[in-house]
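# What the coordinates show
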Amino acid sequence: MKAYYSFFKMRLLKGLQYRTAALAGVFTQFFWGFILIMVFEAFYRSTSSPQPISLQELIQVIWLQQSFLVFVMLWFRDSELFSLITSGNIAYELCRPTSLYGFWYARLIAQRLSGAILRSLPIILVASLLPNPYGFSSPVSLFSFGLFFVALTLGLILIVAISMLIYIFTFYTMSPTGSLLIFGVLGEFFGGLILPVPLMPPLLKSIVYILPFRYVADLPFRIYAGNIGIHEGLQGIGIQLLWIFVLLSLGNLWMKNALKKVIIQGG
Amino acid sequence: MIEVEGLYKSFKVAQRNAGVTAAIKSIFNPQYKTVQALEDISFTIDEGEIVGYIGPNGAGKSTTIKIISGILVPDSGKCSILGNTPWKNRINHVRNIGVVFGQRSQLWWDVPVMDSYYLLKDIYKIPETTFKSNLDLLTATLDLSALLSTPVRQLSLGQRMRCEIGASLLHDPKILFLDEPTIGLDAVSKMAVRNFINTINQEKKVTVILTTHDMSDIEALAERIILIGKGKKLMDGTLTELKNRFVTHKTVTVDFAASTQDLSIKGTTVLSRTKERISLAVDLETIKVSDVISILSQNFDIKDVAVNAQPVEEIIVDLYKEFQI
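The rules we used
Residues numbered from 1 in each chain as written. Chains lettered and ligands numbered in written order. Predicted model: local features only at pLDDT ≥ 70, side-chain atom pairs only at ≥ 80, totals over all residues. Helix = DSSP H or I, 4+ residues; strand = E, 2+ residues; numbered from the N terminus. Expected span 1.5 Å × (residues − 1). Contact = placed C-beta atoms within 7 Å. Pairing = 2+ DSSP bridges. Axes fitted to C-alpha atoms, helices over the stretch in contact; angles between N-to-C directions. Buried ≥ 20, exposed ≤ 12 C-beta atoms within 10 Å, placed from the backbone. UniProt positions renumbered as here; feature names shortened; annotations may be inferred.

An unreviewed UniProt entry lists chain B under the name ABC-2 type transport system ATP-binding protein, with Alkaliphilus hydrothermalis given as the organism.

As annotated in an unreviewed UniProt entry, chain A is ABC-2 type transport system permease protein from Alkaliphilus hydrothermalis.

Set out below in structure tokens:
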């Protein structure tokens, strides 16, 4: 366990070095957040029928999306891992007395965490200073905040479990571009990051609820905004745990299989 | 300690000619060729041996190293290293081994070497005291003290290689696999690496298997040689055996006080002759070198004698020729 921890720490420290990248990210996310808010404001103004999520709640979701972007986006990747596989430098990783799956998992969690530490707080802080209704406000209750925190953590665990599949897939394809693109786009759409899940038509919504993607971002953010109540939130966390179990087992199994067939590239 | 029996491994290699037409053709009709990388490789290595694993490019050296270090699964064959089958009990197996791939790096590129060492300490769960004593030994013998606090990307190749070798020995491995450890190193660094390998072999009884193209590595280190070519084992024996079998000639060069006397000794051929020097190729099957020298000393007023054996490089070239690899 200590090995994973020190590996995690090393990765975290490395990620924290990139302050300028984080600053640029903060500005982009702000800009993007404003565009989304303006689009949805226009949409809400033009309709008179009540929507399944209020503009106020939606704005909370948007700010959370922007600040925890590196937590929830599938395309956020560790290109070093891809080059390890394609260049054959994975040889050394395989010479270590640890499970490769666990090792890479720790590495990916650390990478996302270090990215979020530098980006999320500044965005949240500035967004909460904005005037109503555009600002970021405090959670509906302390309990729902606790629930949000649990769901967000599990969401991080879940998204890394999903992204591990992309890395393992690269053992077979030798190029990450295709799977990254497909997983990235599908994940973003079915995770409710393009169109908020409550605004989707019923059929699409039922598909989204079957897939794991919405349990990464949509669930925790809507819990925070108060759009998902305590009861439904707890249910969602149960489903998160289920998906994590399924995807971790699947990933581990697939990794074992891939390593049997893997050819270490290069001499 | 290391028992390898009947190892087979083949690779499917994509084939296509250069050029756009060939590339488009291969989209619809990809051509593959099966390359037999290893064919019935068997050997046994005992504790404390240093074995040179040699062969021309593409012979299957690296493939063998990959298989016995547990990172490649062979098509068939048995292998038992300290009771483990590398590709089945990978995690238990790699605890016992240290590996250096000369062309790859195990150190973290952006951080000082010492950070990588600490990480390895945690990965291998090395006790504090062992880590410290190993680090001291490695620092002293590999002359690392000035390098440990430098980021890896700022080290020269030779410096980095010394750190790489250090990194693979922190956890007291019983076996060390070195895949071309001296590739690209200058003479001084090569000497340092060789001395070091000898030291740990003698002091810690580490079994060493090394692949190399540098025959002076072999001469300086390996008692035993395994020669492979085109995936097959061709020879397994000591360096002396190899020499006895393939060294058939020696060169005797003699300087003497000026003389124009003609001389022919049976079993020798004159390679060059000046007024003060003669160089003879001696056929060891016909005549002994000492006899040649005594005949020469009877005829000339000898000032200096030099006897040269065929260098190992040439023997290896002859070997490759003989086995047609």
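Next comes the rest of the description.
This part is about helix α12 (residues 230-261) of chain A. Its 32 residues place the ends of α12(A) 46 Å apart at the C-alpha level, agreeing with the 46 Å of an ideal helix rising 1.5 Å per residue. Each element contacted by the buried residues of α12(A) is listed here: α7 (100-129), α8 (142-173) and α11 (218-225) of chain A.

To continue, consider the sheet that holds strand β7 (residues 207-211) of chain B. Residue and element names in this part refer to chain B. As summarised here, the arrangement of the six strands in space is β5-β6-β7-β3-β8-β9, forming an open sheet in which the pairing is mixed. Only two strands of the sheet have a single partner each, and these edge strands are β5 (97-101) and β9 (232-238). Each neighbouring strand pair of the sheet contributes to a mean axis angle of 15°, computed without reference to strand direction. Alignment of β5 against strand β6 (residues 175-179), held across five bridges, turns out to be parallel. Note on β6: the bridge partner recorded for V100 is L178. Seen against the sheet, helix α9 (residues 239-246) touches β8 (224-229) and β9 and runs at an angle of roughly 105° to β9.

Bringing the pairing of strand β12 (residues 277-283) of chain B into the picture now. The two faces of the sheet receive side chains in turn, since in a regular strand these alternate between them. Residue and element names in this part refer to chain B. Where burial is concerned, the two faces of β12 differ: the one with I278, L280 and V282 is buried and the one with R277, S279, A281 and D283 is not. Pairing of strand β10 (residues 249-256) with β12 involves seven bridges; the strand directions are antiparallel. Opposite V254, over in β12, you have I278 as the bridge partner. The pairing of strand β11 (residues 268-273) with β12 spans five bridges and is antiparallel. Its bridge partner being in β12, R273 is matched across the sheet by I278. Taking the residues between adjacent antiparallel strands as the criterion, β11 and β12 are bridged by three residues.

To continue, consider the UniProt feature "domain: ABC transporter" (unreviewed entry) in chain B. Mapped onto the present numbering, the UniProt feature "domain: ABC transporter" (unreviewed entry) falls on residues 22-255 of chain B. End C-alpha atoms of residues 22-255 of chain B are separated by 64 Å, and the span's content is 39% helix alongside 26% strand.

Bringing the sheet that holds strand β1 (residues 2-15) of chain B into the picture now. Residue and element names in this part refer to chain B. The three strands are arranged β2-β1-β4 in an open sheet whose pairing can be described as antiparallel. Each edge of the open sheet carries a strand with a single partner, namely β2 (31-45) and β4 (76-81). For this sheet, the mean inter-axis angle between neighbouring strands, taken without regard to orientation, is 30°. With five bridges connecting them, β1 and β4 associate as antiparallel partners. When the sheet's bridge partners are listed, E3 is paired in β4 with S80.

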